[in-house]
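Breakdown of the fold
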Amino acid sequence: MQATVLSIAGSDPTGGAGIQADLKTMTSIGVYGAAAVTCITIQNSRGVTEVECLPPGLVHGQIKAVLDDHRVTHVKIGMVGNTAIAGAVRDALAGFRGEIIYDPVMLSSTGQPLLQGDMQGILELAARCTVLTPNIPELAQLSGAKIVGGQDVRHHAGLLLERYRSLRGVLVKGGHAVRDTAIADHLIYRADGAVRTMTLSHPAIKSGNTHGTGCTLASAFASFHCLGGDYVRSFQQSVDYVQTVLKQSAETRIVRNPEGQGGMLHHCYRPGHENS
Ligand code: PLP
């Protein structure tokens, strides 16, 4: 029976981030994507002007409807919006035994808050997941600590693995700490009873279409893992995927706003050209 990857995330009408980016990523990689919406946002490359969080029961019902009828092997969570929705997501996933990959979104890429209230809901949801994919500011929020360099990243991601027993990996996205035009992404994971780290360093790609890279990386990780990879292989493939799509869409303008960042052009992805 066909496997389904379920995205639980907010809607971005421009198609750059949120459920739209998740579904495009899944489709271009070649897995079946389903989506349960948590919040509706009004936004474009100038910013987020409105966020409407859906009633928690509606979010719960969407998730249950998919779980009851599909063979869901992977769930990818993005923006939950508030504590009540985080609780509804947790409840709906109570009996789910597959992979739960959580991108703990708190801010839009244009700087507006995408989480109402405190961190409690996010922390309780994180405790149920198998993989977290924070960027560095999100890792700092989850850890309650200042993160300066790669050593801090490894240390605090390792503490999260100690704190949450169901957690098997923390993929830390380095895009927010661009220094010397190089980016380092880290995977801190459990293997053979030990905590290991893998770091992938790559040049920062200059592009006008970077909106949604966080959502895309987390969805790509879920998709490649669904196709049979292990954590390390899925990490390598998902970083390659983001690099490839960024390169393949770097020259195209997609938004009228000259200062704005457009979404990535997932439909341009051609497998097998990861390093071109
Ligand atoms: N989810 C939604 C609905 C968003 O609008 C955004 C950013 O604006 C994000 C997630 C996070 O986007 P990014 O992948 O750029 O961090």
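Summary of the structure given here. Because the structure is a prediction, the values reported are computed rather than measured. (Residues numbered from 1 in each chain as written. Predicted model: local features only at pLDDT ≥ 70, side-chain atom pairs only at ≥ 80, totals over all residues. Heavy atoms only, no water.)

On to the packing of helix α2 (residues 56-69) against helix α3 (residues 83-92). Running from N to C, α2 and α3 cross one another at 25°; their axes reach a closest spacing of 8 Å. By the angle between their directions, the pair α2 and α3 is classed as roughly parallel. Like other packed secondary-structure pairs, α2 and α3 cross with a definite hand, here right-handed. On α3, the residues touching Pro 56, Val 59, His 60, Ile 63, Lys 64 and Leu 67 of α2 are Ala 84, Ile 85, Ala 88, Val 89, Asp 91 and Ala 92. (Axes fitted to C-alpha atoms, helices over the stretch in contact; angles between N-to-C directions. Helix = DSSP H or I, 4+ residues; strand = E, 2+ residues; numbered from the N terminus. Parallel < 35°, antiparallel > 145°, perpendicular 65-115°, else oblique. Left-handed = near helix turned anticlockwise from the far one by under 90°. Contact = heavy atoms within 4.5 Å.)

The subject of this paragraph is the packing of aromatic side chains. This model, assessed by the stated rule, comprises three aromatic pairs. On the basis of an interplanar angle of 70° and a centroid distance of 6.3 Å, the ring pair of Phe 224 and Tyr 241 is categorised as edge-to-face. You can see Phe 224 sitting in helix α7 (residues 213-226) and its partner Tyr 241 sitting in helix α8 (residues 231-248), a full 17 residues away along the chain. For the pair formed by Phe 224 and Tyr 241, the shared burial category is buried. (Phe/Tyr/Trp six-rings, centres within 6.5 Å; stacked < 30°, edge-to-face > 60°. Buried < 20%, exposed > 50% of the residue type's maximum accessible area, 1.4 Å probe, protein only.)

Another point: the sheet that holds strand β2 (residues 32-44). Across the sheet, which stays open at both edges, the nine strands sit in the order β3-β2-β1-β4-β5-β6-β7-β8-β9 with mixed pairing between neighbours. Because the sheet does not close on itself, it has two edges, and the strands there are β3 (47-53) and β9 (194-203). In terms of strand pairing, strand β7 (residues 169-172) meets strand β8 (residues 182-191) through four bridges, oriented antiparallel. In the sheet register, Gly 169 faces β8, and the bridge partner there is Tyr 189. Contacts from α2 reach β1 (3-11), β2 and β4 (71-77) within the one sheet, and its direction differs from that of β2 by about 160°. Strands β6 (131-132), β7, β8 and β9 of the sheet are contacted by helix α6 (residues 150-163), whose axis makes an angle of about 30° with β8. (Pairing = 2+ DSSP bridges.)

Of all the residues in α3, the buried ones are Ile 85, Ala 86, Gly 87, Ala 88, Val 89 and Ala 92. Buried residues belonging to α3 abut β1, β2, β3, α2, β4 and α4 (120-126). For α3, the capping residue at the N-terminal end is Asn 82, with a side-chain oxygen 3.2 Å from the backbone nitrogen of Ala 84. (Polar contact = N/O pair within 3.5 Å; in protein donor to acceptor, adjacent residues only side chain to side chain.)

Quick look at the side chain of Asp 22 now. Within the fold, Asp 22 resides in helix α1 (residues 18-29). Relative accessible area serves as the criterion here: at 0%, Asp 22 is assigned to the buried category. A distance of 3.0 Å separates polar atoms of two side chains, one belonging to Asp 22 and the other to Lys 76. Excluding its chain neighbours within four sequence positions, the residues that come into contact with Asp 22 are Ser 7, Ala 9, Lys 76, Cys 215 and Ser 219.

For Asp 192, which is not glycine, the phi torsion reads 50° and is therefore positive. In this structure, Asp 192 sits in the loop between β8 and β9.

Contact geometry of α7 with α8 gives a least axis separation of 8 Å together with a crossing angle of 135°. By the angle class used here, α7 and α8 are oblique. Crossing hand, α7 versus α8: right-handed. Across the interface between the two elements, Thr 213, Thr 216, Leu 217, Ala 220, Phe 221, Phe 224 and His 225 from α7 touch Tyr 231, Ser 234, Phe 235, Gln 237, Ser 238, Val 239, Tyr 241, Val 242 and Leu 246 from α8. A breakdown of the residues in the contact of α7 with α8 according to their chemical character gives 10 nonpolar, six polar and no charged. (Nonpolar A, V, L, I, M, F, W, Y, C, P; charged D, E, K, R; others polar.)

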